[in-house]
Amino acid sequence: MGFQPVKFYQTGTFTIGNRLLEPDERSVQSGQARSNSINSGHRACQGCGEALGARYAIDAAMAESKGQLIAANATGCLEVFSTPYPESSWQLPWIHSLFGNAPAVATGIAAAMKVKGKTEVRVVAQGGDGGTTDIGFGCLSGMFERNDDVLYLCYDNQAYMNTGVQRSSATPPAARTATTMPVGPNPGNAFGQGKNVPEIAMAHGIPYVATATVADLRDLEYKVRRAMKMHGARYIQIFVPCPLGWGTASSDTIRMARLAKESGMFPVFEAEHGEVVGVSKIRHKIPVEEYLQPQKRFAHLFGTNGHPEMVTRMQAIADRNIRKYGLLDEEGC
Amino acid sequence: MLKQTEGSKAVAEAIALCRPEVICAYPISPQTHIVEALGEMVKAGNLTPCEFINVESEFAAMSVAIGASAAGARSYTATASQGLLFMVEAVYNAAGLGLPIVMTVANRAIGAPINIWNDHSDSLSQRDSGWMQLFAETNQEAVDLHIQAFRLAEELSMPIMVCMDGFILTHAFERIDIPEQNQVDSYLPPFDPRQVLDPAEPVSIGAMVGPEAFMEVKYLAHAKQMQAIERIPVLAAEFKQIFGRDSGGLIRTYCSEDAETMVIAMGSVLGTIKDTVDEMRAEGHKIGVLGIISYRPFPLEQVRAALSSCKRFVVLEKSLAVGMGGIVATDVRMAVTGSGLKGYTAIAGLGGRPITRATLHKLFLQAEQELLPPVTFVDLDWEAVNKQLTREQQTRRSGPAAENMLHDKGLISAKFG
Amino acid sequence: MYKPFAITLKPGTSLANMTGTWRTERPVYLNRLPPCNNACPAGENIQGWLFHAESGNYEQAWRVLTENNPLAAVMGRVCYHPCETACNRGQLDSSVGINSVERFLGDEAIKRGWKFDAPASSSGKRVLVVGAGPSGLSAAYHLARMGHQVEIQEAGPLAGGMMRFGIPKYRLPREVLDAEVQRILDLGVTLKLNCKVSSIEQSMKDGRFDAAFLAVGAHIGKRAMIPAGDAAKIVDAVSVLRSMEGEDKPLLGRRVVVYGGGNTAVDVARTVKRMGAEPIIVYRRTRDKAPAHDFEIEEALQEGVMIKWLSTIKHAGDSSITIEKMALDDKGFPQPTGEYETLEADSVVLALGQDVDLSLLQGVAGLEIVNGTVQVAPNMMTGHPGIFAGGDMVPSERTVTVAVGHGKKAARHIDAWLQGSSYQPAEKHELAEYGKLNTWYYSDADKTVRPMLDVIRRQTSFDEVQGGLDESTALFEARRCLSCGNCFECDNCYGVCPDNAVIKLGPGKGFQFNYDYCKGCGLCVAECPCGAIKMEPEET
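All values derive from a computational prediction rather than experimental measurement. (Residues numbered from 1 in each chain as written. Chains lettered and ligands numbered in written order. Predicted model: local features only at pLDDT ≥ 70, side-chain atom pairs only at ≥ 80, totals over all residues. Heavy atoms only, no water.)

1. Here's the deal with the environment of B:N139
Residues and elements named next belong to chain B.
Next up, step 1: Mapped onto the secondary structure, N139 falls in helix α7 (residues 139-156).
Next up, step 2: Those residues within four positions of N139 in sequence are excluded, and the remaining contacts are G7, M164, L169, T170, A172, E174 and I176.
Next up, step 3: A polar contact is formed between the side chain of N139 and the side chain of E174, at a distance of 2.8 Å. (Helix = DSSP H or I, 4+ residues; strand = E, 2+ residues; numbered from the N terminus. Contact = heavy atoms within 4.5 Å. Polar contact = N/O pair within 3.5 Å; in protein donor to acceptor, adjacent residues only side chain to side chain.)

Below you can see the structure in the form of structure tokens.
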């Protein structure tokens, strides 16, 4: 199970497209006919991972549903940068209601489609990690347990970016945010906190749960398309680095996502009915420093007044992920 | 068809006749019987096509209704009290997005202290939410108002709360005329949404609107309610043509022609008031009644006209603007600005405190003699209140007021003290 | 649909918001020079032809290849492939087997009978090419394609020059060479064999040639002063190799000492081994200092060739030689040690390099000869107007590939000179260094190893030692190319742009930036696998 990468063909499925593959093996994003669900002119920051992740995911869902798609959007960066009056970037029917209710709004849309017999119209809900793992969590869990026919996409950039980078329950330990400043003896976000929403989603026993990153489009598209082939509640958490909140170069967004996965800090897997059925293996394992050091939100861990002991704890987290999900091939161990 | 039935059950049947497509249910007294009944109808296949969704909170209930309504489905939910407050953010949002959701509010007090009994604090707290609020005097009117509410909401693309007194109406068994399906169908056309989420014609609903257009959006919502003032009497008249009875409208007067004293109220208490007025009329008092059905939009002109020939008025309301006084009274005073009328506010029935004819009789006599203070707290236990106030002046840690007062009244046994 | 004011918006209308104004730097597409192309002495567009091979379009690949070099099948066998040494993939796992793909394409062209396109028009100019070696053939080919009438005058009995008379059959089967020569002649090139030019000026006048390209090579074996007995048999390597092509094979006896450390020495040793002799190479320095390619030395050793490193011949007798052991000094130069050794030797073959036969240039005005080679200007023209020269007879590295490169370069300048203008080569792009690549995106794939003939057959026959790739392995190898510095349409830029500011123009047409919306984040540059995009400061 899991995404089966094309093994060779020069760049295989590592790149967005590949002219050497058969047309039906190519990605949605490589196509000239992709829907560009979120259009140019949106006001996302330079190098925004969320804008990219949203286009990747929604375009894939659009392709799978043949354009029969409606989206409900939580309040957050994605909503604000895409729909400031008088212009909208969205090219599909889209609604924003509140910060914490996107899953429920989507439930309502799905119910409306069902009652009207429009079975071909599919529904996605989307939000950032704050809107998903914190304020929207009640509605999310409700949508899950009722197994409503909604695919929920969480764009995880690990903090409340729209309000100025405050901690969320998806913020990693040690990270600097505006509410977990790098001061005092234990700088940054506390260890031992936070919520693993993919696993909580799995605990609901819903048909499909997956994680993905903007660094691996083909895996992401596979998961969205796979999720769209199913009915019931489905959840995909997409790792979308935020140059502003993380203090990284705008050109580093994809690299950061890649390093998060390669270090084991962000396990990429998929699960059906609560059981892991596929894991994206680490290709070239790296120590967590390589991932953490380029990010200003972890700058206090390094240098002369750094906190190597916290880096060690971060490495332990990565190592636990690697063990738990089996992220390394035998030979790579 | 005439039926001896529970108010909630009757409302549920009326809702079903309106062919709702999505119903979101979350239990909270005293609204629960309505959605229970609807749930059973959907489950049994008697209400179809309809999706009945057991949501996890009132916030979700309104949110599901928002999604469903935006996707073109006739959507309904019901709530009360804390439930209404829990969904407030979504309540405002539904109005802001102009979604014609109909919601029953089985009016109930708001805690703390937690209290399940009737007053109007809950829906009146949503006075400025952008929702229209129609108050039913009887269960028959509750049934009728729901049918009219869907018609009005969908015509204007604005949401409506139909407010009915918790327990007093919701749980009362009485004879109610349940309309026939063909009557409702001829009155209420299928939902033709003014905007809809549709892949064939995509729109983005719920934009962020800045200072450049926000006031205009708000004014347009206001203008909608002003249109409703025109439409509500028309729809009531149409209703009468089909269903054969007066129901709804903006206001309703009783014995007002020569009345020097007018009593103004909303909801089921109007029944007790009318009985009291009948008594007083028999005694020769020139007293009349003005019932307000449409609290939002508030029919300023109609209220002013109804009070144009009286000398004084009392607003008896089941709500309190803490630190100020009456809520409905404020609106009524606004309506009669400049008329020189003497007006009194009577706060009564909070948290289900019974409002008796005897009390009302006494109150109205005092009003007639213009002996009332501007704000009267009807049947307030002044002894208990004053003791507590004294205690609090003397002791910093005076303990919980409600419990202390129950102590004072001997309602909590000494061993728990 | 009636839309509520402000809160409901038309889809896709953000196009009105030109986010391009945010930009301080802009991405631009560029072509960088792949290190393989940069290293190719024949100036092949290796990345360019691999691009077509990657998709299995071998004919197009061969056509792009032969735009610069007509001898694909020969090159795929005899080129020492400096391209592979330079290949960036070498830093990732191992270099792309460019040479093996080139051979596959060359063989495929012979097998399929692909021909060169005839020139579009005729210039009416006549060019004399002297010498049918790699340089002459290359020049003739390019000149013919430019529409000139070309005649090759070759002193020898067959075309090919050193490719025929210097490189053994087991490295270059003659039918391969013949096929590629014939294809050039099919363009309308006249080849006159056994036609030694004794005076270039006279030959040009006789044939009414407008220009000449001299590529007579270096065929005269260098002699060394070795004290030798009368009966000692001392021959030079070039004659040995040349005689292999004739009826009379050289008679060298059983024990053959080959003196020298270059590729020619190895070729001779391996040749005589195949004839049943026992060759010993004697070379004055060490293996790592030997000019022969190490893989050739390795193959020779595998085949049973003996090598005496750090040795010089002091004396040659009729059945033995005396050698002196050498030692390297601080600067790496061999110095005599005074230690001697005697080796049995029926003959000594001197492989000490070759000289040029310059007799045809006697009396030509303006020529400059230095150290036995003809001096040419950067445009390959000698001091005498209209006479150009290249290959082994001008100062340069003496390899087939360099010679082919000279031929092409000379042809371009001759063409320009004939038109009364001068040829300006396009400015070289900046180099596509390894650091400019994002190698994450390339599939892990080790180099395909070419099949080798087994040692027994190598020792006893002139069958080709190194096999070719089959279609699937050639395709695999082509697809190992990183396409350094040149877009190969992987769609990464198109995909990773968060602002949809990259326009995909369609297969073969590449991409364009939409600067109306590009915010200048640089993601396309960072994620371009091959370094074909760069950021430039925005003009203020």
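2. Quick look at the sheet that holds strand β3 (residues 51-54) of chain B
All names here are of chain B.
Next up, step 1: One open sheet accounts for seven strands, arranged β3-β2-β4-β5-β7-β6-β13; its pairing is mixed. The two strands at the open ends of the sheet, each matched to only one other strand, are β3 and β13 (294-296). Averaged over all adjacent pairs, the angle separating strand axes in this sheet is 20°, with direction ignored.
Next up, step 2: In terms of strand pairing, strand β6 (residues 132-135) meets strand β7 (residues 160-165) through four bridges, oriented parallel. Paired with Q133 across the strands is M161, a residue of β7.
Next up, step 3: Running at roughly 130° to β3, helix α2 (residues 32-44) makes contact with β2 (22-25), β3, β4 (75-79), β5 (102-107) and β7 of the sheet. (Pairing = 2+ DSSP bridges. Axes fitted to C-alpha atoms, helices over the stretch in contact; angles between N-to-C directions.)

3. Considering the side chain of C:T19
Next up, step 1: Along the chain, C:T19 turns up in the loop between β1 (8-9) and β2 (25-29).
Next up, step 2: Those residues within four positions of C:T19 in sequence are excluded, and the remaining contacts are A:G41, A:H42, C:D516, C:Y517, C:C518 and C:K519.

4. Examining the layout of surface pockets
Residue and element names in this part refer to chain B.
Next up, step 1: Space inside the second largest pocket adds up to approximately 1,300 Å³.
Next up, step 2: Together, 35 residues line the second largest pocket, and P113, L350, R353, L380 and M405 are the ones closest to its centre.
Next up, step 3: Listing elements by their share of the lining of the second largest pocket, those giving two or more residues are α6 (121-124), α14 (382-394) and α15 (401-408).
Next up, step 4: Here the residues of the lining of the second largest pocket sort into 23 nonpolar, seven polar and five charged. (1 Å grid on protein atoms, 1.4 Å probe; cavity = no way out; pocket = protein on both sides within 12 Å on 5 of 7 lines; lining within 4 Å. Points joined across faces, edges and corners; volume = space filled by probe spheres on them. Nonpolar A, V, L, I, M, F, W, Y, C, P; charged D, E, K, R; others polar.)

5. Quick notes on the interface of chain C and chain A
Next up, step 1: In this assembly, 53 residues from chain C lie in contact with 52 residues from chain A.
Next up, step 2: Buried surface at the junction of chain C and chain A, both sides included, amounts to about 4,400 Å², of which 52% is carbon and sulfur.
Next up, step 3: On the chain C side of the contact with chain A, C:W440, C:R479 and C:N500 bury the most area, a combined 18% of that side's loss.
Next up, step 4: Between chain C and chain A we count three salt bridges in total.
Next up, step 5: Mapped onto the side of chain C that touches chain A, the elements with two or more residues apiece are α2 (46-54), α17 (492-496), β20 (502-506) and α18 (523-527) of chain C.
Next up, step 6: The element contributing the most residues to the side of chain C that touches chain A is α17(C), with four residues.
Next up, step 7: Per-class residue counts for the side of chain C that touches chain A are 27 nonpolar, 15 polar and eleven charged. (Buried area = accessible area lost by both parts, 1.4 Å probe. Salt bridge = Lys/Arg side-chain N within 4 Å of Asp/Glu carboxyl O.)

6. Remarks on the interface of chain C and chain B
Next up, step 1: On the chain B side, the residues contacting the ten residues of chain C number 17 residues.
Next up, step 2: Between chain C and chain B the total buried area reaches about 1,300 Å² when both faces are included, carbon and sulfur atoms providing 68% of it.
Next up, step 3: Between the two partners, chain C and chain B, sit zero salt bridges.
Next up, step 4: Our enumeration of links across chain C and chain B arrives at four residue pairs in polar contact (both at pLDDT 80 or more).
Next up, step 5: Note that strand β9 (residues 204-205) of chain B and β1(C) share two bridges and pair antiparallel. Bridge pairing links B:S204 to C:L9 in β1(C).

7. Comments concerning the environment of C:D446
Residue and element names in this part refer to chain C.
Next up, step 1: Along the chain, D446 falls in the loop between α14 (400-418) and α15 (455-460).
Next up, step 2: Distance in space between the C-alpha atoms of D446 and R480 is 8.3 Å, their sequence separation being 34 residues.
Next up, step 3: Discounting chain neighbours no more than four positions away, the residues touching D446 are D93, F476 and R480.

8. Brief notes about the packing of α14(B) against α15(B)
All names here are of chain B.
Next up, step 1: Contact pair α14 / α15: the axes reach a minimum separation of 9 Å and the direction vectors enclose 125°. Taken together, the axes of α14 and α15 are oblique relative to one another. Of the two possible hands of crossing, α14 and α15 adopt the one that is right-handed. Here α14 contributes A384, V385, K387, Q388, R391 and E392 to the contact with α15, which in turn contributes A401, N404, M405 and D408.
Next up, step 2: Per-class residue counts for the contact of α14 with α15 are four nonpolar, two polar and four charged. (Parallel < 35°, antiparallel > 145°, perpendicular 65-115°, else oblique. Left-handed = near helix turned anticlockwise from the far one by under 90°.)

9. A word on the domain arrangement of chain C
Next up, step 1: If you check the domain split of chain C, you get domain 1 (17-31 + 487-537), domain 2 (35-219 + 356-429) and domain 3 (221-354).
Next up, step 2: Centre-to-centre, using C-alpha coordinates, domain 1 of chain C lies 40 Å away from domain 2 of chain C. (Domains from an automatic or database assignment.)

10. Quick notes on the pattern of salt bridges
Next up, step 1: This structure, assessed with the given rule, holds 81 salt bridges over all chains.
Next up, step 2: B:D144 is paired through a salt bridge with B:R245; the nearest N and O atoms lie 2.7 Å apart. Linking B:D144 in helix α7 with B:R245 in the loop between α9 (214-243) and β10 (251-254), this pair joins segments that are 101 residues apart in sequence. Like B:R245, B:D144 is buried.
Next up, step 3: Where salt bridges share partners, they join C:R171, C:D267, C:R270, C:R274, C:E296, C:E299, C:E303 and C:R458 into one cluster. (Buried < 20%, exposed > 50% of the residue type's maximum accessible area, 1.4 Å probe, protein only.)

11. Notes on the pairing of strand β15 (residues 342-347) of chain B
Residues and elements named next belong to chain B.
Next up, step 1: Burial runs high along β15: five of the six residues are buried.
Next up, step 2: Here six bridges tie strand β14 (residues 312-317) to β15, and the two strands are oriented parallel to one another. Bridging across to β15, F313 finds its partner in G343.
Next up, step 3: Note that the unit made of β14, helix α12 (residues 328-335) and β15 has a crossover that is right-handed. (Right-handed = clockwise from strand over helix to strand, strands pointing away.)

12. Quick look at the packing of aromatic side chains
Next up, step 1: In total, this model carries 30 aromatic pairs over all chains according to the counting rule given.
Next up, step 2: Centre to centre, the rings of B:Y295 and B:F298 are 6.4 Å apart; their planes meet at 85°, and the pair counts as edge-to-face. Per residue, the accessibility class of B:Y295 equals that of B:F298, and both read buried.
Next up, step 3: Across the ring face of B:Y295, the terminal group of B:R296 is positioned such that the distance to the ring centre comes to 4.5 Å.
Next up, step 4: Looking at C:R126, its charged tip hangs above the ring of C:F209, at a distance of 4.5 Å from the centre. (Phe/Tyr/Trp six-rings, centres within 6.5 Å; stacked < 30°, edge-to-face > 60°. Lys NZ or Arg CZ within 6 Å of the ring centre and 35° of its normal.)

13. Thoughts on unusual backbone geometry
Leaving glycine out, the prevailing phi sign among residues is negative, and the prevailing peptide bond configuration is trans.
Next up, step 1: In this structure, B:P113 follows B:A112 across a cis peptide bond, with omega equal to -5°.
Next up, step 2: Following B:R296, the chain continues to B:P297 via a peptide bond in cis, the omega torsion being 0°.
Next up, step 3: Along the chain, the position of B:P297 falls in the loop between β13 and α11 (300-306).
Next up, step 4: The phi dihedral of B:F167 falls on the positive side, at around 65°, and the residue is not glycine.
Next up, step 5: Turning to its location among the elements, B:F167 is positioned in the loop between β7 and β8 (173-177).
Next up, step 6: Residue class for B:F167 comes out partly exposed when judged on its relative accessible area of 22%.
Next up, step 7: The phi dihedral of C:H81 is positive, around 35°, even though this residue is not glycine.
Next up, step 8: Here C:H81 is to be found in the loop between α4 (72-78) and α5 (82-86).

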